[in-house]
Amino acid sequence: MNNLNSKSYWCGLGAYAAFILLATLPIFPQPLQFVAVAQLTTAALVASVAIAILRITGLDKRIHDTHATFTQALLGILICCGLYSLVAPASEPALMFVTFVLWVAIALPDLTPYRVLALSTAYLGIYAGSFTGAILTASDPQHSAALFHLIFASLVIAFLYTRASCYVQLYNRHLGQEVALDAAESRIQELTTQDSETTALKYMYFRNQLVKEKNSVDLDGGTFSICLVDIDQYDD
């Protein structure tokens, strides 16, 4: 999805819409009625259009969400889990949890601690709205399943947050090392080509320039000149 005019970009949007359709399909009674098909199609189109707008306007880069992967996952959770909550509030909690894991997997390469919290908040909010009664009522048939998947989801979220935090720390450390390395290379280049006291260019610099000019003349033709100047009493 790098090139907005490429077939792969539009195929990616189509696959995204199809994924939402397949993720929400199990909650609708079979065979599908026209109203259900319209709801599914609308949800998929809304999500795909939103992602297309982000990419076309360049907002994904402005919010540091390259290729809108995080936005895709967030919309996927809100739409799929939201439809589960509205259409089939008594559906199995496992279905909602699996959907959450699938959408997180899509955004996994670009997850930061704050994005993990955003995805988790969206999921847990919808989950709590659907299964709070089952979690709090021991006699509810879904009590054990709802409580188990809540605990399991909390463990997964904690793992993802820890992983994202470690990745950010390693990334920042790597950036710091790159900056230090660039500064060291610049300093070495300066010491090998300039005198530390007078900043006059050294022999190494002139030799490299001579080799560079000779290679250029050998390749493209032409001539070049060398001028030698003897400066007496330079130290004075």
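Quick caveat, the model's predicted, so the values are computed rather than measured.

**Q** Is there a simple way to think about helix α8 (residues 203-220) in this case?
**A** Since the α-helix turns once every 3.6 residues, residues separated by three or four places project in the same direction. For α8, built from 18 residues, the straight-helix expectation of 26 Å at 1.5 Å per residue is met to within 8% by its first-to-last C-alpha distance of 26 Å. Phi turns positive, to about 85°, at G221, one or two residues after α8.

**Q** Would you mind showing me how to read the packing of helix α6 (residues 113-136) against helix α7 (residues 143-193) here?
**A** Two packed helices can be described by the angle between their axes and the distance between those axes. Direction vectors running N to C along α6 and α7 enclose 170°, while the axes themselves pass 10 Å from each other. By the angle class used here, α6 and α7 are roughly antiparallel. A per-class count over the contact of α6 with α7 returns 20 nonpolar, 4 polar and no charged.

**Q** Teacher, can you tell me more about the side chain of S48 here?
**A** As for its position among the elements, S48 is in helix α2 (residues 34-57). Excluding its chain neighbours within four sequence positions, the residues that come into contact with S48 are L13, Y16 and A17.

**Q** Looking at this model, I keep getting lost on a nonpolar patch on the surface. Mind explaining?
**A** Residues L147, F148, I151, F152 and L155 make up a contiguous nonpolar surface patch of roughly 480 Å² in combined accessible area. Relative to the helices and strands, I151 resides in helix α7.

**Q** Help me understand the packing of aromatic side chains in this model?
**A** Any aromatic ring pair is given by two values, namely how distant the centres are and how the planes are angled relative to each other. According to the stated counting rule, one finds 4 aromatic pairs in the structure shown. On the numbers, 5.6 Å between centres and 40° between planes, the contact of Y123 with Y127 is tilted. Taken together, the positions of Y123 and Y127, both in helix α6 and 4 residues apart, correspond to about one turn of that helix. Of the two residues, Y123 and Y127, neither departs from the other in class, the shared state being buried. Between Y127 and F131, the ring centres sit 4.9 Å apart and the planes meet at 45°, which makes this aromatic pair tilted. With Y127 and F131 both in helix α6 and 4 residues apart, the pair spans about one turn of that helix. Each member of the pair Y127 and F131 is classed as buried. Among the aromatic residues, those joined into a ring-pair cluster are F100, Y123, Y127 and F131.

Basis of the calculations
Residues numbered from 1 in each chain as written. Predicted model: local features only at pLDDT ≥ 70, side-chain atom pairs only at ≥ 80, totals over all residues. Heavy atoms only, no water. Helix = DSSP H or I, 4+ residues; strand = E, 2+ residues; numbered from the N terminus. Expected span 1.5 Å × (residues − 1). Axes fitted to C-alpha atoms, helices over the stretch in contact; angles between N-to-C directions. Parallel < 35°, antiparallel > 145°, perpendicular 65-115°, else oblique. Nonpolar A, V, L, I, M, F, W, Y, C, P; charged D, E, K, R; others polar. Contact = heavy atoms within 4.5 Å. Patch = residues over 30% accessible without salt bridge, like charges linked within 9 Å, V, L, I, M, F, W, Y side chains within 5 Å. Areas by Shrake-Rupley, 256 points an atom, 1.4 Å probe, with all protein chains shown as cover. Salt bridge = Lys/Arg side-chain N within 4 Å of Asp/Glu carboxyl O. Phe/Tyr/Trp six-rings, centres within 6.5 Å; stacked < 30°, edge-to-face > 60°. Buried < 20%, exposed > 50% of the residue type's maximum accessible area, 1.4 Å probe, protein only.

Geometric descriptors of this kind do not, in isolation, establish any biological role.
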